[in-house]
Amino acid sequence: MTALDTYIAPAARRTGIWWMLLGLLIIVGLWLLGTLAVLIGWVLWQVVQLGDVDLALQQMGAFMVGGTPLTIVLILATFGGIWLGVWLAMVAIHDQSFRTILAPDKRVHVRDLLLGIGLAVAFFLPSLVAALVLAEPYRTELTIGTWAVWLIPIVLLVFVQAGSEELIFRGYLLQQLGQISRHPAVWAGVPAVGFGLLHLFNLPGIGGVYYAAVTTLMGFSFAVLVWRSGNLWSAIGLHLGNNLLGIAFIGAEGPLAGMQFWLFPEETVVTLMPVDLAVSAVLLALLISPLGRIFGTGGKVV
C-alpha cells in the first residue's frame, strides 16, 4: 500500500461523482454564507462607528481595495466558512471523520508542516532576488509596531485561508477523485487545473493567464507533497509559508496589501510573473525528483 493509497483510503465509504458534487455544493454554500456573515458583521460595525448606514455601505469600497491590516483580516476571515463546509460534507455526505482529510491517522504532523514552510522560504528567497533585478519595490508606511500588533492574527488567518484551499483541492477533491481513478491526471491534475482557473481573474488580461499558470503548477506541487507524505500537512505548510511571506513581508499592490514593508507597483506584476512561473516549475521538478524524498518516498508504506 502506498502513501497515496493510505491517504485516499478513508474516503472509501461513500464515493462517486454525484456524492462529490453534492459535497462541493455544501462547501461552496457555507463558504458564501461565511463570507456574507463577515461582510454583514463589518458593515454593522461600521454603522455603530459612523452612526450612518449609507456611510457604512460606502466604506465597503475600502474593503474591496484593501490597504490596511484590518482589511486583510476581513478578507482572510471569509475563508473560514470553507472549514465548516468541508467538515459538514465529510460527516453528513461521506460518513468520514474530518480529521482523516488532514491525515489518515488523525495526527497533526508538525514535522511535515514545518518542512513545507521551510520549502516555501527556500524558494521565496531566490524568487525575490530575481524580482528585485526586474523591478524595484517601494517602502510602505507600515511601522514595526503596527506589524507586530497584527502579526499573530494575520498568521492565524493565513493558516485558515491556505488550509481551506488545501482542504478543498488536495483534501476533499483529491481523496474523492482518487477513489474514482488512481491516474495522476485525475487526482492531481483536475484539482490543480481547477485551482489555477479560480485564479484566472485575479489579475487583468495576460496577467491573469500567467497567474493561473503559476497557481496550476503550485497545485501540482501541493499534490506531489500529498503523494509523497500521505497527509495534507506539508502541502498546507508550503501554501501557508508562500502566502504569509507575500502578505506579511514583501508583496504586490492589491486587496491584500497593508501588512508588507515593501510593495511592488501593480504595473510591474506582469513583468514579475515569468519569474514566479519559472520558480514554480523548478519547485515541481524538485519535488518529483529523488530530492523530493525528504517529504516522503511516495512508495509502499506497508
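Look up a bit, the structure's there.
Here we summarise the structure given alongside this text. (Residues numbered from 1 in each chain as written. Predicted model: local features only at pLDDT ≥ 70, side-chain atom pairs only at ≥ 80, totals over all residues. Heavy atoms only, no water.)

Comments concerning the overall build of the protein
Of regular secondary structure, the protein possesses twelve helices and three strands. By the compact-globule yardstick of 19 Å for 302 residues, the protein fits well, its C-alpha radius of gyration being 20 Å. Taken over the C-alpha atoms alone, the protein extends approximately 60 × 45 × 35 Å along its principal axes. Of all 302 residues assigned to the protein, the portion counted as buried reaches 47%. When contacts within the protein are restricted to residue pairs at least 6 apart in sequence, long-range pairs at least 24 apart make up 78% of them. A total of about 14,200 Å² of accessible surface is found on the protein, and carbon and sulfur atoms cover 73% of it. (Helix = DSSP H or I, 4+ residues; strand = E, 2+ residues; numbered from the N terminus. Rg over C-alpha atoms; globule rule 2.2 N^0.38 Å. Buried < 20%, exposed > 50% of the residue type's maximum accessible area, 1.4 Å probe, protein only. Contact = heavy atoms within 4.5 Å. Areas by Shrake-Rupley, 256 points an atom, 1.4 Å probe, with all protein chains shown as cover.)

Digging into the side chain of Gln-161
Relative to the assigned elements, Gln-161 resides in helix α8 (residues 144-180). Here Gln-161 falls in the buried class, since its relative accessible area comes to 7%. Those residues in contact with Gln-161 that sit more than four places away from it in its chain are Leu-76, Phe-79, His-239 and Asn-243.

Here's the deal with the side chain of Ser-127
Along the chain, Ser-127 turns up in helix α7 (residues 110-134). A residue is classified by how much of its surface remains accessible, and Ser-127, at 12% relative accessible area, is buried.

Considerations on the sheet that holds strand β3 (residues 262-264)
Here three strands make up an open sheet; going across it, the order is β1-β3-β2 and the pairing mixed. At either margin of the open sheet sits one strand with a lone partner, and together these are β1 (138-139) and β2 (250-252). Of the pairings in the sheet, the one linking β1 to β3 comprises two bridges and is antiparallel in character. Residue pairing in the sheet places Tyr-138 in a bridge with Leu-263 of β3. (Pairing = 2+ DSSP bridges.)

What to know about helix α9 (residues 184-197)
Over its 14 residues, α9 runs 18 Å from end to end, which matches the ideal 20 Å to within 8%, given 1.5 Å per residue. Taking the largest bend as the criterion, α9 deviates by roughly 25°, centred on Val-190, and proline Pro-191 comes between one and four positions later. Among all positions of α9, only Trp-187, Ala-188, Gly-189, Pro-191, Ala-192, Phe-195 and Gly-196 are buried. Considering only its buried residues, α9 is in contact with α1 (3-8), α8, α10 (206-229) and α11 (233-248). (Expected span 1.5 Å × (residues − 1). Bend = angle between axes of the 7 residues up to and from the residue.)

Thoughts on helix α2 (residues 17-50)
Taking 1.5 Å per residue, 34 residues should reach 50 Å; α2 reaches 49 Å between its end C-alpha atoms and fits that length. Listed as buried for α2 are Met-20, Gly-23, Ile-26, Ile-27, Leu-30, Gly-34, Val-38, Trp-42, Val-43 and Gln-46. With its phi angle positive at about 75°, Gly-51 sits one or two positions after the end of α2.

A look at the pattern of salt bridges
Scanning the model with the defined rule gives five salt bridges in all. Notably, a salt bridge pairs Arg-111 with Asp-112, separated by 3.5 Å at the nearest N-O pair. One salt bridge connects Arg-170 with Glu-166, and the closest N-O pair in it is separated by 2.7 Å. Residue Arg-170 and its partner Glu-166 are located together in helix α8, separated by four residues, close to a single helical turn. (Salt bridge = Lys/Arg side-chain N within 4 Å of Asp/Glu carboxyl O.)

Side note on the packing of aromatic side chains
Following the criterion strictly, the structure yields nine aromatic pairs and no others. Grouping aromatic residues by their ring pairs yields a cluster made of Phe-124, Trp-147, Phe-249, Phe-261 and Trp-262. A cation over a ring is seen here: Arg-14 above Trp-19, with NZ or CZ 4.9 Å from the ring centre. Here the basic side chain of Arg-139 rests over the ring of Trp-262, its NZ or CZ set 5.9 Å away from the ring centre. (Phe/Tyr/Trp six-rings, centres within 6.5 Å; stacked < 30°, edge-to-face > 60°. Lys NZ or Arg CZ within 6 Å of the ring centre and 35° of its normal.)

Digging into the environment of Gly-163
Topologically, Gly-163 is positioned in helix α8. In this structure, the C-alpha to C-alpha distance between Gly-163 and Ala-11, residues 152 residues apart in sequence, is 19 Å. Aside from chain neighbours lying at most four places away, what touches Gly-163 is Trp-83, Val-158 and Ile-236.

Thoughts on unusual backbone geometry
Despite not being glycine, Asp-95 shows a phi value in the positive range, around 50°. Positionally, Asp-95 belongs in the loop between α6 (80-93) and α7. Residue class for Asp-95 comes out partly exposed when judged on its relative accessible area of 45%. Positive phi values are uncommon outside glycine, yet Lys-106 reaches one of about 65°. Mapping Lys-106 onto the fold places it in the loop between α6 and α7.

Topic: the nonpolar core
With 47 residues, the main nonpolar core has Val-86, Ile-101, Leu-102, Leu-167, Leu-174 and Leu-238 as its most contacted residues. If sequence neighbours within four positions are ignored, Leu-238 has contacts with Gly-116, Ile-117, Leu-119, Ala-120, Met-218, Phe-222, Leu-225 and Leu-283. Membership of the second largest hydrophobic core comes to eleven residues, among which are Ile-72, Ile-154, Leu-157 and Val-158. (Core = buried A, V, L, I, M, F, W, Y, C linked by side-chain atoms within 4.5 Å.)

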